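Residue-level structure breakdown
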Amino acid sequence: MSAEASVGSHAADSAQSAVSQPACHGTDEHRNQGLLGSKYVKLNVGGSLHYTTVQTLSKEDSLLRSICNGGTEVTIDSEGWVILDRSGRHFGLVLNFLRDGSVPLPEDHRELDEVLKEAQYYQVQGLIQHCLSAMQKQKDVFESVCRIPMITSAKEEQKMIATCRKPVVKLQNNRGNNKYSYTSNSDDNLLKNIELFDKLVLRFNGRVLFVKDVLGDEICCWSFYGEGRKIAEVCCTSIVYATEKKQTKVEFPEARIFEETLNILIYENGRGSGPGGLHLLDSRGSGSSLGAGQSEEEGAMGGDRRVRRIHVRRHIMHDERGHGQQTVYKD
């Protein structure tokens, strides 16, 4: 072979080699070099720059340890920054966990889920378990919070009561039902009934379903349901007569309301399941005696099933006349 042919062949090989050269070498980037034997590491995670040590990154058997020991191929730019194509928003939290073994987690559920995703990507098992434990705690807290459904029609309310497996306490209150004027202490007693409802919700939350109906026909009336049907009713309003006028009187029979609430819990405890339980609730045992100043009416509800309707006895109503004059009574 002549010298000219040899030179031409060498030039062609050089040109071919230049064409097949990887583009990353032209930008001074190289792979899997620069970490072996290094003590410090510069990380560029989605534009977020972090400076740490190989010892920190190698604390757990994770993707970051694999990067340090050469087990995972990475890209390093000309300035020595290891390029990781991930969001850098939570990477500092990942590093702090590797440094300290524990780290405060965000309370927001969405951010906590983002941290979990980063921990799973980098395969940091300790942080993964830390996130899962925090999520479980949040779930337990959320499940214990009282949930208040919004009922928009009487049909929805009836369906909810009929399908509920728990006893139900319902309070109807409608201060706007102002056909007659109210007595001087009626508003105060109405508020006491509402406050008692709130106290019962806190005390028996999870064991009894509480329904508050502010659009009912009754001004203030308690209803108690078991196994989908009404067991008892306590009406707290009555009409009393003063001088040539009628007034609406609202009572606060706290003991009776509390007693009926405890009575329907017999269902939940299993003592009232079946016909025997219904009989116990319907027939008024020794623990269900009427209090002073109260009356009871029973209405048939399909054979032997009855609803106890307890109406507060209409108490003495004084008229507007001066002291010593006749007092009007109305039962």
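Residue positions within a chain follow its written sequence, with the count starting from 1. Per-residue local features of the predicted model are confined to residues with pLDDT of at least 70, and side-chain atom pairs are confined, for both listing and counting, to 80 or more; whole-chain, interface and lining totals are unaffected and use all residues. To obtain the side-chain values, all non-hydrogen atoms of the structure were used and water was disregarded.

An unreviewed UniProt entry annotates the chain as BTB/POZ domain-containing adapter for CUL3-mediated RhoA degradation protein 1 originating from Lates calcarifer. As its UniProt record puts it under Sequence similarities (unreviewed entry), the chain is described as follows: "Belongs to the BACURD family." UniProt positions are given in the numbering used here, feature names are shortened, and annotations may be inferred rather than shown by experiment.

Moving on to the pattern of salt bridges. Pairs can form between side chains of opposite charge whenever their charged atoms are close. What counts as a salt bridge is simple: a side-chain nitrogen of Lys or Arg found within 4 Å of a carboxyl oxygen of Asp or Glu. Using the criterion set out here, one finds twelve salt bridges in the structure. For lysine 230, the salt bridge identified is with glutamate 233, shortest N-O distance 3.0 Å. Residues lysine 249 and glutamate 251 are paired through a salt bridge, measuring 3.7 Å at the closest nitrogen-oxygen approach. A single burial state applies to lysine 249 and to glutamate 251, both of which are buried. Burial here depends on accessible area, computed with a 1.4 Å probe over protein chains only, as a share of the maximum for the residue type. Under 20% is buried, over 50% is exposed, and the range in between is partly exposed.

Each helix is a run of H or I in the DSSP string that is no shorter than four residues. Each strand is a run of E no shorter than two, and both are numbered from the N terminus. Position of glutamine 120 among the secondary structure elements: in helix α6 (residues 109–122). Of the residues examined, glutamine 120 reaches a relative accessible area of 39% and is grouped as partly exposed. Here the alpha-carbon distance between glutamine 120 and serine 62, two residues 58 residues apart in the chain, equals 9.6 Å.

By convention a nonpolar core is built from buried Ala, Val, Leu, Ile, Met, Phe, Trp, Tyr and Cys residues, the set being connected through side-chain atoms within 4.5 Å. Core analysis: the largest hydrophobic core is formed by 32 residues, its most contacted members being Leu43, Leu64, Val82, Leu84, Leu105, Tyr122 and Leu127. Of all the secondary-structure elements, those providing two or more residues to this core are β2 (40–45), α3 (54–57), α4 (63–68), β5 (81–84), α5 (91–100), α6 and α7 (125–144). If you tally residues by element for this core, the top one is α5, at six residues. By definition, residues are in contact when any of their heavy atoms lie within 4.5 Å. Among all residues touching valine 82, those that are not within four sequence positions of it are Leu35, Val41, Lys42, Leu43, Asn44, Val74, Thr75 and Ile76. Listed in part, the 23 residues of the second largest apolar core include Leu171, Ile194, Val208 and Phe224.

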